[in-house]
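One-letter residues, chain by chain:
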Amino acid sequence: MIVYIFEFIGTAMLILIGNGIVANLVLKGTKGSDSGWTGISLAWGIAVFIGVFMSADVSGAHLNPAVSIGLATAGKFSWALVPGYIIAQVLGAIMGNLLVWLTYKKQYEATEDTGSILATFSTSPAIKSPFWNLVTEIIGAFALVFGVFYIAGGAMGENAVSLGSLDALPVALLVMGIGFGLGGPTGYAINPARDFGPRLLHSILPIKNKGKSDWGYAWVPIVGPIIGGVLAALIYQLIESFI
């Protein structure tokens, strides 16, 4: 049970800081409206560092169903734990975004643009093209999970691949790099829980001018990262078989 609690805490902190910077950037009446994409990418890197550092030594700091499924695909994480991890991650993401909403309550009330409000919860593509948006999310999640395998210890050996607290900085830098290099087309969800949980929260919160939750697009940041995580695991295993 304790591993699920720390997955919840780590994911909640990830979303609180990550979507907090988005709210600071796009909502009306904040003091951070000039931070831009650089601010978003840096803040998400910091958010990952905090979430991983807090939870790594207890739960392994997956904080992302794509990571949990990728590790299980590689045989380095128990499939029996995957459902509990995913539930904890989704609930943690909901809690983190609930705290963002409470923090910026007056700014939400002052904001009329529905797209800006949704952006503080979930991702959306710059140019909507489901197939290519899916490709972008697959590539981004592949880069994340493939990098995690090496950051978490290189050769897989006999032990489960698990991030330790000392791995928080390289993982944060990896996510920051993905944001800068691959984030433009879709907003780089690269994490089904990060998108689904807050999108669900958006659909039920009583937010003025919130508009629709765009459930028609929601499958992309769920399916894409999972495919990317599985591909990363399979290719990593293939490479290891030749070493």
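Before any of the text, the structure's been laid out above.
The structure contained in this document is the topic of the report that follows. (Residues numbered from 1 in each chain as written. Predicted model: local features only at pLDDT ≥ 70, side-chain atom pairs only at ≥ 80, totals over all residues. Heavy atoms only, no water.)

**Let's talk about the overall build of the protein chain**
Helix and strand counts for the protein chain come out as 10 helices and zero strands. Element order for the protein chain, N to C, with α for helix and β for strand: α-α-α-α-α-α-α-α-α-α. With the C-alpha coordinates aligned to their principal axes, the bounding extent of the protein chain is approximately 55 × 40 × 30 Å. Split into buried and exposed, the 243 residues of the protein chain put 52% on the buried side. Relative to all contacts within the protein chain whose residues are 6 or more apart in sequence, the contacts with residues 24 or more apart total 79%. Working note: accessible area of the protein chain is about 10400 Å², and carbon and sulfur atoms make up 71% of it. Positive and negative charge centroids in the protein chain, built from 11 and 12 side chains respectively, lie 14 Å apart. (Helix = DSSP H or I, 4+ residues; strand = E, 2+ residues; numbered from the N terminus. Buried < 20%, exposed > 50% of the residue type's maximum accessible area, 1.4 Å probe, protein only. Contact = heavy atoms within 4.5 Å. Areas by Shrake-Rupley, 256 points an atom, 1.4 Å probe, with all protein chains shown as cover. Lys, Arg positive; Asp, Glu negative; His and termini not counted. Charge placed at Lys NZ, Arg CZ, Asp CG, Glu CD.)

**Some words on helix α10 (residues 220-241)**
With 22 residues, α10 should reach 32 Å at 1.5 Å per residue; the first-to-last C-alpha distance of 31 Å fits that figure. Within the sequence span of α10, burial applies to V220, P221, G224, P225, G228, G229, A232, A233, Y236 and E240. Tucked into the core, α10 has its buried residues touching α3 (65-73), α7 (130-151) and α9 (192-204). (Expected span 1.5 Å × (residues − 1).)

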